[in-house]
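Here are the chains, one letter per residue:
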Amino acid sequence: MTQPAIGFIGLGLMGGAMVGRLQDQGYALTVLGNRDRTYIDQALSRGASEAGSARDVAVASDIIMLCMGTSDHVESRMLGDDGVIAGMKPGTVVIDFGTSLPGSTRMLGEKVSAAGGTYLDAPLGRTPSHAKDGLLNIMTSGDKEAFDKVEPVLKDLGENVFHLGALGSGHTIKLINNFFGMTVANAMAEAFAMADVAGVDREKVYSVMAAGPLHSGMMDFVKGYGVDGDPNQLAFAIKNAAKDVGYYKQMADDAGVDSIMSRCALAALTEARDNGQADEMVSQMVDFFAARFGK
């Protein structure tokens, strides 16, 4: 597919950076945003068209991309008289770049297929700064023929573009990935807070742990705040971490299994989110545990 018309829904930090990258590559875009017009107005100033509804985005587009916060948000843009499905042309490919529930993804896939299109899930790794430079990790799954058709566009957005199997596989792997990462981050945050309780130096705790097999990038991100005072080495908000671990637990519940390990991470993240830390970064969970321990 050569220079298809692209529709993009959800121009937050990540979506806005992705739209900027697509415009750098010469794609024609129709965009639909939310209350914050920062990235919408930037896109319009560079020649994008603004749609009045998700249906209008679909009418104007060969590929429709969504970068939204929750499955409910995605479903609200996909379904109904003003939704994407209502305006799709046959052969349209719809790509969900958010982190959504696999069950919701498969439901939407069936509805898109019935309307003559194809639905792909493609959750993202890395940050908006990577998106700006086309260096995302893109975890795509769904119909392989549709993937092959849009792969050149995905490669304009990502350094590492994967095809992971049947629809929903990308979201499933992303949830497993984020569950593991957020569990490790919370464990490291508590470890620093426990160092305070025990009267030992946080940096010495880190030095010993990092010298062995426990060393990881996530450990370094939490150390970035817990020792060095920089919360932004992992630019991922506590409210988003709570959502993703909650989705992981729901995925486990839907599969009929009891996830033991997710309970503690989810409880900590939810409590922090609901008590004033929602917009803080995950590394700042160190403060949550320190406060809980009275330190």
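Anything mentioned here points back to the structure above.
To keep things clear, this report deals only with the structure shown in the data block.

Conventions we followed
- Residues numbered from 1 in each chain as written.
- Predicted model: local features only at pLDDT ≥ 70, side-chain atom pairs only at ≥ 80, totals over all residues.
- Heavy atoms only, no water.
- Buried < 20%, exposed > 50% of the residue type's maximum accessible area, 1.4 Å probe, protein only.
- Helix = DSSP H or I, 4+ residues; strand = E, 2+ residues; numbered from the N terminus.
- Pairing = 2+ DSSP bridges.
- Right-handed = clockwise from strand over helix to strand, strands pointing away.
- Core = buried A, V, L, I, M, F, W, Y, C linked by side-chain atoms within 4.5 Å.
- Contact = heavy atoms within 4.5 Å.
- Patch = residues over 30% accessible without salt bridge, like charges linked within 9 Å, V, L, I, M, F, W, Y side chains within 5 Å.
- Areas by Shrake-Rupley, 256 points an atom, 1.4 Å probe, with all protein chains shown as cover.
- Salt bridge = Lys/Arg side-chain N within 4 Å of Asp/Glu carboxyl O.

1. Brief notes about the pairing of strand β8 (residues 136-140)
- Counting buried residues along β8, 5 of its 5 residues qualify, which places the element largely inside the surrounding structure.
- Residues of β8 alternate between two faces, with Leu136, Ile138 and Thr140 on one and Asn137 and Met139 on the opposite face, all of them buried.
- Pairing analysis gives 2 bridges linking strand β7 (residues 124-125) to β8, with the strands arranged antiparallel. For Leu124, the partnering residue across the bridge sits in β8 and is Ile138.
- Pairing analysis gives 5 bridges linking β8 to strand β9 (residues 158-163), with the strands arranged parallel. When the sheet's bridge partners are listed, Leu136 is paired in β9 with Gly158.
- Taking the sense of rotation as the criterion, the β-α-β connection linking β8, helix α8 (residues 144-157) and β9 turns out right-handed.

2. Regarding the sheet that holds strand β1 (residues 6-9)
- The parallel open sheet is built from 6 strands, whose spatial order is β3-β2-β1-β4-β5-β6. For this open sheet the edge positions go to β3 (49-50) and β6 (118-121), each flanked by a neighbour on one side alone.
- Of the pairings in the sheet, the one linking β1 to strand β4 (residues 63-66) comprises 4 bridges and is parallel in character. Pairing of Ile9 across the sheet is with Leu66, part of β4.

3. Comments concerning the nonpolar core
- Ranked by internal contacts, the top residues of the largest apolar core, which has 33 residues, are Phe8, Met18 and Phe97.
- Sorting the residues of this core by element identifies β1, α1 (13-24), β2 (29-32), α2 (38-45), β4, β5 (93-96), β8 and α8 as the ones contributing at least two each.
- Ranked by the residues each element gives to this core, the list is headed by α8, at 6 residues.
- Apart from residues lying up to four places away in sequence, Phe8 is in contact with Gly15, Met18, Val19, Leu22, Leu29, Thr30, Val31, Leu32, Val57, Met65 and Cys67.

4. What about a nonpolar patch on the surface?
- There is a patch of nonpolar side chains on the surface, built from Phe162, Leu164 and Ile173 and spanning about 230 Å² of accessible area.
- Positionally, Leu164 belongs in the loop between β9 and α9 (169-198).
- By relative accessible area, Leu164 is classed as partly exposed at 31%.

Function cannot be read off these values alone, since they describe shape.
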